[in-house]
Amino acid sequence: MDAEARDLTIIGGGPTGLFAAFYAGLRGITCRIIDSLPELGGQLAALYPEKYIYDVGGLPRILARDLAKNLTEQGLQFGADVRLEEQVQQLVTVGDEYIVTTDRGRYPTKTVLIAGGKGAFAPRVLECSGYESLLGKGVEYHVRDPSRYAGKRVLIVGGGDSAVDWVLNLKDVAARITIIHRREGFRAHAHSMKLMRDAVAAGNVELITYREVRDIHGDACVNSVTIFDNRTNEDTVLEVDAVLSLIGFKPELGPIANWGLELHKNTIVVDNRLATNLPRVYAAGDIAHYEGKLELIATGFSEAAMAVNHAVHDINPKARYNPGHSTNLKIFKDREAAEDAAFEDGSPS
Ligand code: FAD
């Protein structure tokens, strides 16, 4: 069955898509964000949550994770519908409108904004027996609920921020944490590395380098893994209840490449309104291409604002393209007046 229709469907919940959702709400149109990842934030959350960003206007320095959190708060304040862990597959034309289809649903929409960055992030998978068959039965590539690891023996595989962060977050929850990495060097934040090495020295975490997973064993759920030393090929069997494979994500433009959009390498060609060659379909952020393009968060913000304001005009040709200044907008003034009135009443707003 089709989901409730929206004025705008935003493909991608990275910084560009989230800022677009904010602008959609500010202009009074309904929107929905669809992302293949389990959390919002795009590259900020998936690739470099613990890195500082220094070139977002007005923020001298901010952790990518915190910027993603702030963008989510700002972007969802008007009630955007969010669909996570769904990869967009098709764009079907229905008269003057579209249905965006994913692997799990059908989403009718008047306009579309593709803010897909480098494409849908698919998890890099462990190439070993047992990974596929035990996925969801102890093998995971993302932590949904840390409490599920309470009292469990957990193997974490990876050498980046995500692997190290989850070692730190789960070390007081799990019964035992072992982290393996295929090299000596890690690509994680220096402070997190220090905390992890402290935990190893205190005997709370086992760290083994030059190890990879050969097999994951279990029927209904994981019960052990065979890891091997990639210098000597020697096997070791570890009894574990869970395997967290945190070896990163790889972007794929995927089915969007077959929609009849004008492409430039792995990006979508847009005009100076951020419009693609398909009617009422816009693209913004890293995925949008024009001469002189800079792939920066700041660029994505500006493009999101432009694309949404042009989409508003498509939906209602009488609506002005220019949104005005947020400092003067009625939508915020009304909200502040309601908050002031609630404060004077003594009741929470
Ligand atoms: P993304 O952040 O890539 O988000 C796109 C989202 O769309 C993803 O979540 C993806 O899963 C989703 N998606 C794509 N296709 C589909 C589909 N078919 N179905 C469902 N979902 C889909 N920029 C700066 O300005 N300053 C910096 O300091 C900086 N540092 C960086 C450091 C690193 C290590 C990296 C990798 C990048 C850095 N960048 C920096 C670049 C910046 O992160 C990107 O420009 C920005 O994330 C682009 O935002 P976006 O929303 O366009 O795309």
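Model, not experiment: these values are computed from the prediction. (Residues numbered from 1 in each chain as written. Predicted model: local features only at pLDDT ≥ 70, side-chain atom pairs only at ≥ 80, totals over all residues. Heavy atoms only, no water.)

The next subject is the overall build of the protein chain. When its secondary structure is counted, the protein chain shows seven helices and 22 strands. Scored against the burial criterion, the 349 residues of the protein chain give a buried share of 49%. Within the protein chain, contacts between residues at least 6 apart in sequence are counted, and of these 59% link residues at least 24 apart. Accessible surface for the protein chain amounts to roughly 17,200 Å². Of this, 50% is attributable to carbon and sulfur atoms. Here the protein chain contributes 38 positive and 47 negative side-chain charges, whose respective centroids are spaced 1 Å apart. (Helix = DSSP H or I, 4+ residues; strand = E, 2+ residues; numbered from the N terminus. Buried < 20%, exposed > 50% of the residue type's maximum accessible area, 1.4 Å probe, protein only. Contact = heavy atoms within 4.5 Å. Areas by Shrake-Rupley, 256 points an atom, 1.4 Å probe, with all protein chains shown as cover. Lys, Arg positive; Asp, Glu negative; His and termini not counted. Charge placed at Lys NZ, Arg CZ, Asp CG, Glu CD.)

In the neighbourhood of the ligand, 31 residues make up the surrounding shell, with Asp-35, Tyr-48, Asp-55, Val-88 and Asp-286 lying closest. A distance of 2.6 Å separates an oxygen atom of the ligand from a polar side-chain atom of Asp-35. Coverage of the ligand by the protein amounts to 87% of the 1,000 Å² it exposes when considered alone. For the shell around the ligand, the class distribution of residues is 14 nonpolar, 11 polar and six charged. (Near = heavy atom within 4 Å. Polar contact = N/O pair within 3.5 Å; in protein donor to acceptor, adjacent residues only side chain to side chain. Nonpolar A, V, L, I, M, F, W, Y, C, P; charged D, E, K, R; others polar.)

Turning our attention to a negative patch on the surface. A grouping of Glu-336, Glu-339, Asp-340, Glu-344 and Asp-345 is seen on the molecular surface, where their side chains present a negatively charged patch. Within the secondary structure, Glu-336 sits in helix α7 (residues 330–345). (Patch = residues over 30% accessible without salt bridge, like charges linked within 9 Å, V, L, I, M, F, W, Y side chains within 5 Å. Salt bridge = Lys/Arg side-chain N within 4 Å of Asp/Glu carboxyl O.)

Of all hydrophobic cores here, the largest spans 61 residues; its most connected members are Ile-10, Leu-113, Ile-114 and Val-308. Not counting residues up to four positions away in its chain, the partners in contact with Leu-113 are Leu-8, Thr-9, Ile-10, Ile-11, Ala-20, Tyr-282, Ala-283, Ala-284, Ala-307 and Val-308. One finds Ile-156, Val-167, Leu-170 and Ile-179 within the second-largest nonpolar core, a separate group that totals 21 residues. (Core = buried A, V, L, I, M, F, W, Y, C linked by side-chain atoms within 4.5 Å.)

Within the secondary structure, His-264 is located in strand β19 (residues 263–264). In this structure, the C-alpha to C-alpha distance between His-264 and Ile-287, residues 23 residues apart in sequence, is 9.7 Å. Once residues within four sequence positions are removed from consideration, His-264 is found in contact with Val-269 and His-289.

The next thing to look at is the pattern of salt bridges. Within the structure shown, the criterion is met by 19 salt bridges. Between Glu-4 and Arg-6 there is a salt bridge whose closest N-O contact spans 3.6 Å. By relative accessible area, Glu-4 is classed as exposed at 61%. Across the salt bridge formed by Lys-118 and Glu-295, the nearest N and O atoms sit 2.3 Å from each other. Separated by 177 residues along the polypeptide, Lys-118 in the loop between β8 (106–114) and β9 (120–123) and Glu-295 in the loop between β22 (288–289) and α6 (297–315) bring together distant segments of the chain. Taking relative accessible area as the criterion, Lys-118 reaches 31% and is therefore assigned partly exposed. With a relative accessible area of 42%, Glu-295 lands in the partly exposed category. Each member of the salt-bridge network shares a partner with another, and the members are Arg-32, Asp-81 and Arg-83.

Glancing now at the state of the cysteines. The tally for this structure, following the rule as stated, stands at zero disulfides. Sulfur of Cys-128: no disulfide; nearest cysteine sulfur belongs to Cys-221 and is 16 Å away. For Cys-128, a relative accessible area of 14% corresponds to the buried category. (Disulfide = S-S within 2.5 Å.)

Right, let's talk about the side chain of Thr-178 for a bit. Mapped onto the fold, Thr-178 is located in strand β12 (residues 176–181). On the basis of relative accessible area, Thr-178 is assigned to the buried category, the value being 0%. Of note is the side chain of Thr-178, whose polar atom sits 3.2 Å from the side chain of Glu-206. Excluding residues within four positions of it along the chain, Thr-178 makes contact with Val-154, Leu-155, Ile-156, Glu-206, Ile-208 and Leu-238.

The next point concerns helix α4 (residues 161–170). Burial analysis of α4 places seven of its 10 residues in the buried class, the great majority of the element. Regarding α4, the residues found buried are Asp-161, Ala-163, Val-164, Asp-165, Val-167, Leu-168 and Leu-170.

On to a positive patch on the surface. On the surface, Lys-51, Arg-124, Arg-182, Arg-183 and Arg-187 cluster together into a positively charged patch. Position of Arg-183 among the secondary structure elements: in the loop between β12 and α5 (190–201). A relative accessible area of 35% places Arg-183 in the partly exposed class.

For α7, with 16 residues, the first-to-last C-alpha span of 22 Å sits near the 22 Å given by 1.5 Å per residue. The positive-phi residue at the C-terminal boundary of α7 is Gly-346, with phi of around 85°. (Expected span 1.5 Å × (residues − 1).)

Quick look at the domain arrangement of the protein chain now. What the domain assignment lists for the protein chain is domain 1 (6–122 + 250–318) and domain 2 (125–247). The partner domain 2 presents six residues to the six residues of domain 1 that form the contact. Of the roughly 580 Å² buried where domain 1 meets domain 2, counting both sides, 47% is carbon and sulfur surface. Summed over the three residues of domain 1 that lose the most area to domain 2, namely Pro-38, Glu-50 and Glu-85, the buried surface amounts to 65% of that side. At the boundary of domain 1 with domain 2, the tally comes to one residue pair in polar contact (both at pLDDT 80 or more). (Domains from an automatic or database assignment. Buried area = accessible area lost by both parts, 1.4 Å probe.)

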